[in-house]
Amino acid sequence: MFTGIVEELGEIVELDDRGESAVLRIRGPLVVSDASHGASIAVNGVCLTVTDHDAKTFAVDVMAETLNHSSLGDLVPGSRVNLERAMAANGRFGGHIVQGHVDGTARIVARTPGQDWEVVGIELPAGLARYVVHKGSITVDGISLTVSAVTDDTFEVSLIPTTLALTTLGTKQPGETVNLEVDVLAKYLEKQIAARDL
């Protein structure tokens, strides 16, 4: 489990494309500082398992399912990625409950700069719209964010300078794809209400 608080902006250093799978090697000295084989690290919001590491980089296997249903298939050497280690049992929830299980992808549709912040507009896939509410939580490329506005087919997030400087959302432009994970509590609530109404 994660909280959506990005610990480090990493970089893809190698990509071994194996057709229906890939092996990524990622530079992230902070997140590998206490890594072990089998540890979980979220890469742009996707929970992946460490298969190998040294003092500065780690390797992960990425299966076809993940490549096809996340933006990880778009990565190339040099791509920057958001990294977060799995939350320790005694850690603090700085963001919200994040599983690292991407619910869908969407395109950035707009960027509007403010005096000390920036508003980013993102497509809202029809299948996820019911889980996204104004002032609710959403994970975008592994970043825990608050929804600042929502319509039938888009939502907005307002980014503070720290988020702009320390995550991939600081440079991603309209047309680029991001991973979305909606609040899992909303999905559990929906299932419980549906079961009650049977």
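Residues numbered from 1 in each chain as written. Predicted model: local features only at pLDDT ≥ 70, side-chain atom pairs only at ≥ 80, totals over all residues. Heavy atoms only, no water.

If you look the protein chain up in an unreviewed UniProt entry, it shows as Riboflavin synthase from Enemella evansiae.

Q: Explanation requested: the domain arrangement of the protein chain in the structure shown.
A: Accessible area lost on assembly of the parts is the figure often given for the size of an interface. Taken domain by domain, the protein chain holds domain 1 (8–85) and domain 2 (104–197). Put simply, the middle of domain 1 and the middle of domain 2, counted by C-alpha atoms, are 22 Å apart. At the junction of the two partners, domain 1 supplies twelve residues and domain 2 supplies ten residues. Sorting the residues of domain 1 by area buried against domain 2 places Asn44, Ser71 and Asn82 first, and these three jointly supply 51% of that buried surface. (Domains from an automatic or database assignment. Contact = heavy atoms within 4.5 Å. Buried area = accessible area lost by both parts, 1.4 Å probe.)

Q: Is there a simple way to explain the UniProt feature "repeat: Lumazine-binding" (unreviewed entry) in the protein chain in this structure?
A: In the UniProt entry, the feature "repeat: Lumazine-binding" (unreviewed entry) is given for residues 1–96 and 97–193. Secondary structure content for residues 1–96 is 6% helix and 44% strand, and the end C-alpha separation is 10 Å. Helix and strand shares over residues 97–193 are 16% and 41% respectively, and the end C-alpha atoms of the span are 21 Å apart. (UniProt positions renumbered as here; feature names shortened; annotations may be inferred. Helix = DSSP H or I, 4+ residues; strand = E, 2+ residues; numbered from the N terminus.)

Q: Explanation requested: the pattern of salt bridges in the structure shown.
A: In the structure shown here, the tally under the stated rule is ten salt bridges. Here Glu11 makes a salt bridge to Arg27, at a shortest N to O gap of 3.2 Å. Separated by 16 residues along the polypeptide, Glu11 in strand 1 (residues 8–17) and Arg27 in strand 2 (residues 21–27) bring together distant segments of the chain. Given the relative accessible area of 27%, Glu11 is considered partly exposed. Glu123 is the partner of Arg107 in a salt bridge, and the nearest nitrogen-oxygen pair spans 2.7 Å. (Salt bridge = Lys/Arg side-chain N within 4 Å of Asp/Glu carboxyl O. Buried < 20%, exposed > 50% of the residue type's maximum accessible area, 1.4 Å probe, protein only.)

Q: Can you walk me through the pairing of strand 11 (residues 154–159) in this structure?
A: Moving residue by residue along a regular strand, the side chains alternate between the two faces of the sheet. Burial along strand 11 is one-sided: the residues Phe155, Val157 and Leu159 are buried and none of Thr154, Glu156 and Ser158 is. Where strand 8 (residues 118–123) and strand 11 come together, six bridges link them in antiparallel fashion. Its bridge partner being in strand 11, Val120 is matched across the sheet by Val157. Note: strand 10 (residues 143–150) against strand 11, three bridges, orientation antiparallel. Within strand 11, the residue paired with Ala149 across the bridge is Glu156. Linking strand 10 back to strand 11 in an antiparallel pair, the connection comprises three residues. (Pairing = 2+ DSSP bridges.)

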